[in-house]
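# Chain and residue survey
Read off the chains here:
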Amino acid sequence: MTSLKRKLLFIPAVLAGVVVLVLAVKSRPAPQINAGISKDRLVEVQALAREPIAPLITGFGRVAPKLEWQGIAEVSGKVVYKLPQLEKGRVLETGTELLRIDPLDYQLVLAQAEADYSSAQAQLLSLDKEESNLKAQLRLERSRLSLSEKELARKRDLRKRGLISASEVDAEQQNMLTIKRTVQELETQLFTMPNERKVLQAQLAIGEARVEEALRALEKTTITLPMDARIAMVDVERDQVVNQQQVMVVAHGLDTVEIDAQVAIHDMTVLINSLNTDTSSSAAASRRFAEFDTNAINAIVSLASGNQQYQWQAKVSRLSDSVNPSQATMGVILDVDVASASALLTPTLVNGMFVETQLQGQAQPHFVVPERALHGEFVYLMVDNRLEKRAVTPLFRRDDKVAVSGDLKEGDLLVLTDLLPAVEGMRLITQEQIQAAKQAAAKAAENATEKAAEKVTMVSGATATIAASAAQANLVNELQISGAVASVNAIETSAAVATVSGATPALAVVADIASAPDAQTTTLDSDTAQSEAEGTIAEAAESSSTEDAAASSPSSKVGNETPEITPEAIVLSEQQGAAADVTAAEVTAEPHVLSAANDFEGEAP
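The text that follows walks through the structure, step by step, so that each part is easy to find. For every chain, the first residue of the written sequence is number 1, and numbering continues from 1 along that sequence. For this predicted model, a pLDDT threshold of at least 70 governs which residues receive local features, and a threshold of 80 or more governs which side-chain atom pairs are given and counted, while totals over whole chains, interfaces and linings are taken from all residues. Side-chain figures throughout are based on the complete set of non-hydrogen atoms in the structure, without hydrogens or water.

## Section: the sheet that holds strand β15 (residues 308–324)
Only strands that DSSP links by at least two bridges are regarded as paired with each other. By the criteria applied, helices consist of DSSP H or I runs no shorter than four residues and strands consist of E runs no shorter than two, each listed in order from the N terminus. Strands sit in the order β4-β13-β16-β15-β14-β17 around a closed barrel of six strands; the barrel is antiparallel. Strand after strand, the sheet turns through a mean of 40° between neighbouring axes, direction not considered. Summarising the sheet, strand β14 (residues 298–305) and β15 pair through seven bridges and their orientation is antiparallel. Looking at the pairing, Ser305 lines up with Gln308 of β15. Sheet contacts for helix α4 (residues 265–273): β4 (56–65), β13 (256–264), β15, β16 (329–337) and β17 (354–360); angle to β13, the most-contacted strand, approximately 105°. Axes here refer to lines fitted to C-alpha atoms; in helices the fit is confined to the stretch in contact. Angles between the N-to-C directions go from 0 to 180 degrees. In what follows, residue pairs with any heavy atoms lying within 4.5 Å of each other are defined as contacts.

Printed below as a string of structure tokens:
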């Protein structure tokens with residue numbers, strides 16, 4: 001009885017141990033990685049790829065007016081009028097009268113020039129009339145000459161016949177010669193008439209020119225503004241006498257300003273090269289530098305004033321004609337259309353402002369690396385988790401990035417971490433690889449834990465079954481012993497000895513039935529009782545121990561003893577199997593990565 005109680009008390013302890021084991025397996029942390037000595041360096045990497053990037057260069061310069069107008073005195077005289085608003089800094093509109101010089105002297109000169117012109121016109125008209133008169137008189141004299149020649153011929157005929165005297169013939173001949181001389185004089189006058197007309201026409205042109213000159217001189221006495229402008233200088237006062245070529249007023253145009261921005265020669269070369277990728281010859285490069293497309297460059301002018309930032313769109317006009325030898329810079333002339341800019345931009349660009357200019361070329365595909373990843377003329381690459389230095393040529397920089405060229409290809413892993421010291425061939429590892437190794441180990445451990453939990457559940461069920469069977473077997477054995485003692489006188493000794501190991505469970509069942517409270521009213525069929533007894537005997541034969549059989553029948557200890565299989569042994573065996581599965585999961589990850597993961601657990605590059 002004492003042995004039965006001891007065994008019954010063992011069952012709750014086993015069940016409690018199973019529950020504790022299940023909870024411990026499920027709540028256990030991820031398996032610790034036992035790392036050896038790891039010298040891997042944790043680095044941050046990124047994959048190289050070509051991306052379009054345009055060079056952006058910065059220059060500085062001062063604003064100057066695109067158009068500067070100077071009011072220079074073209075005539076001399078006293079200033080009789082000055083605009084009251086004619087002051088430095090004033091913005092005046094087109095056509096505003098600024099100054100007026102005394103016009104009296106130039107009015108007199110105009111009147112004299114007009115008189116001379118009128119006289120020349122009158123002389124030309126008189127010459128035309130005289131020419132017409134001479135032509136008419138010449139016709140008359142030629143008629144008289146013809147008649148005189150006929151009369152002279154008739155008288156000579158009469159003289160030959162002796163009808164008139166020789167004196168009459170001579171008189172007629174003298175008359176003819178007189179008329180002929182008159183005709184010649186008239187022809188001479190008409191011949192010289194065109195030359196006289198040319199002289200008079202020239203005099204008329206001179207007179208006309210003098211009139212125009214006098215008019216222009218008179219107009220120059222009034223100084224007006226030819227455009228919308230800002231007055232930059234005033235160097236004249238009212239009642240002051242000014243001389244010719246004296247600068248009286250200076251004004252700057254408001255529509256457009258220009259900036260001579262100084263940029264580095266190398267930067268400008270890179271910018272122009274981005275406009276055309278043809279670099280076949282130095283001659284072609286020289287032509288591109290001299291004849292580049294200014295419209296392909298995006299230019300921005302910026303002005304910083306306190307916390308405010310103002311920007312204007314600009315256009316590259318041309319390159320300067322010289323290079324600054326002290327700063328090794330060249331000038332780029334930018335035009336800014338101030339008139340088309342937003343009226344909200346204040347202040348406006350005025351003469352002398354110091355501004356910053358940004359020139360952007362055309363985007364071309366390049367390998368782009370962060371500034372911190374460039375170490376002089378080398379970049380660090382991770383090849384097969386090893387450090388490799390690769391020589392590159394920096395092309396240009398922009399926004400903390402560097403466009404480089406060299407023996408690179410897309411997909412190369414660029415090391416971003418600054419390694420000190422950087423030894424060629426040193427082992428590297430990334431945070432992603434560590435995380436992947438940890439996830440793989442955690443996944444394997446989780447799978448092993450699930451399998452172990454399943455096995456522990458199976459062990460728990462088997463343990464409970466075994467405990468119930470053991471309790472039932474113990475109870476049956478106790479009943480068998482009491483039943484055998486009560487009926488020993490009725491059963492033959494030889495049959496009891498032969499059947500004690502197999503029939504005792506049946507007798508225990510019979511005794512159990514007989515000892516029930518309603519035993520007097522219960523009747524059992526003999527065949528049913530026999531079958532139940534035979535099944536109980538078979539189960540008891542498999543579950544009963546050698547010790548129980550010996551207690552019920554001392555004569556049954558025959559042959560070798562079978563080792564006892566207890567619930568504690570079964571649970572221990574399952575725990576060892578689950579531990580073996582977890583250990584196998586821990587070593588599935590790569591030892592090198594797991595070792596580094598243990599060193600850099602929780603560390604960020």
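## Brief notes about the pattern of salt bridges
Definition used for salt bridges: Asp or Glu carboxyl oxygen within 4 Å of a side-chain nitrogen of Lys or Arg. Using the criterion set out here, one finds 22 salt bridges in the structure. Residues Arg90 and Glu87 are paired through a salt bridge, measuring 3.2 Å at the closest nitrogen-oxygen approach. Relative accessible area serves as the criterion here: at 40%, Arg90 is assigned to the partly exposed category. The residue Glu187 makes a salt bridge to Arg142 at a minimum N-O spacing of 2.4 Å. Taken together, the residues span a long stretch of sequence, with Glu187 in helix α3 (residues 166–219) and Arg142 in helix α2 (residues 104–160) at a distance of 45 residues. A 1.4 Å probe rolled over the protein chains alone gives each residue an accessible area, and that area as a share of the maximum for its type sets the label: buried under 20%, exposed over 50%, partly exposed in between.

## Some words on the sheet that holds strand β12 (residues 247–253)
In spatial order, the strands read β5-β12-β10-β7; together these four strands make up an open sheet with antiparallel pairing. Each having just a single partner strand, β5 (68–72) and β7 (91–92) make up the two edges of the open sheet. For strand β10 (residues 229–234) and β12, the ladder comprises five bridges, and the chain directions are antiparallel. Across the sheet, Ala229 pairs through a bridge with Gly253, a residue of β12.

## Structural notes on the nonpolar core
In these notes, a set of buried Ala, Val, Leu, Ile, Met, Phe, Trp, Tyr and Cys residues joined through side-chain atoms within 4.5 Å is what counts as a nonpolar core. Core analysis: the biggest nonpolar cluster contains 26 residues, and Met268, Val336 and Leu359 have the highest contact counts within it. At the level of elements, β4, β13, α4, β14, β15, β16 and β17 are the ones that each hand at least two residues to this core. Contacts of Met268, omitting those with residues within four sequence positions, involve Ile57, Val263, Phe292, Leu319, Met330 and Val332. Counting residues in each nonpolar core, the second largest holds 22 residues, with Trp69, Ala229, Val236 and Val249 among its members.

## Remarks on the pairing of strand β18 (residues 364–370)
Within β18, five of the seven residues are buried, which leaves it mostly tucked inside the rest of the structure. Note: strand β3 (residues 50–53) against β18, four bridges, orientation antiparallel. Each bridged residue has a counterpart across the sheet, and for Pro52 the counterpart in β18 is Pro365. Note: β18 against strand β22 (residues 401–406), four bridges, orientation antiparallel. Across the sheet, residue Pro370 finds its bridge partner in β22, namely Lys401.

## A look at unusual backbone geometry
Put simply, Leu420 and Pro421 share a cis peptide bond, and its omega is -5°. For Ala328, which is not a glycine, the phi torsion comes out positive at approximately 55°. Here Ala328 is to be found in the loop between β15 and β16. The backbone of Asp399 shows a phi angle near 50°, a positive value even though the residue is not glycine.

## Quick look at the environment of Val323
Within the secondary structure, Val323 is located in strand β15. Through-space distance from the C-alpha of Val323 to that of Val263 is 10.0 Å; in sequence the pair is 60 residues apart.

## Some remarks on a negative patch on the surface
Candidates for patches are residues over 30% relative accessible area with no salt bridge; among them, like charges are joined within 9 Å and nonpolar side chains (Val, Leu, Ile, Met, Phe, Trp, Tyr) within 5 Å. Method for areas: the Shrake-Rupley scheme with a 1.4 Å probe, in which residue coverage is limited to the protein chains shown. Counting rule applied: Lys, Arg positive; Asp, Glu negative; His and chain ends not counted. Note that the charge is assigned to NZ on lysines, CZ on arginines, CG on aspartates and CD on glutamates. A surface patch of like charges, here negative, comprises Glu93, Asp228, Asp255 and Asp337. The residue Glu93 is located in the loop between β7 and β8 (97–101) in this model. When its relative accessible area of 60% is taken as the criterion, Glu93 is described as exposed.

## Some remarks on the environment of Val247
Tracing the backbone through its elements, the reader meets Val247 in strand β12. Taking C-alpha positions, Val247 is 9.7 Å from Glu74, a pair spaced 173 residues apart along the chain. The contacts of Val247, once residues within four sequence positions are left out, are Gln70, Gly71, Ile72, Met233 and Asp235.

## Digging into the side chain of His366
If you trace the backbone, His366 turns up in strand β18. By relative accessible area, which is 19% here, His366 ends up buried. Apart from residues no more than four positions distant in its own chain, His366 is found in contact with Ala49, Arg50, Glu51, Ile53, Leu395, Phe396 and Ala403.

## Focus: the pairing of β5
Along β5, the buried face is formed by Trp69 and Gly71; none of Glu68, Gln70 and Ile72, which line the opposite face, is buried. Bridge count between β5 and β12: five bridges; the pairing is antiparallel. Paired with Trp69 across the strands is Ala251, a residue of β12.

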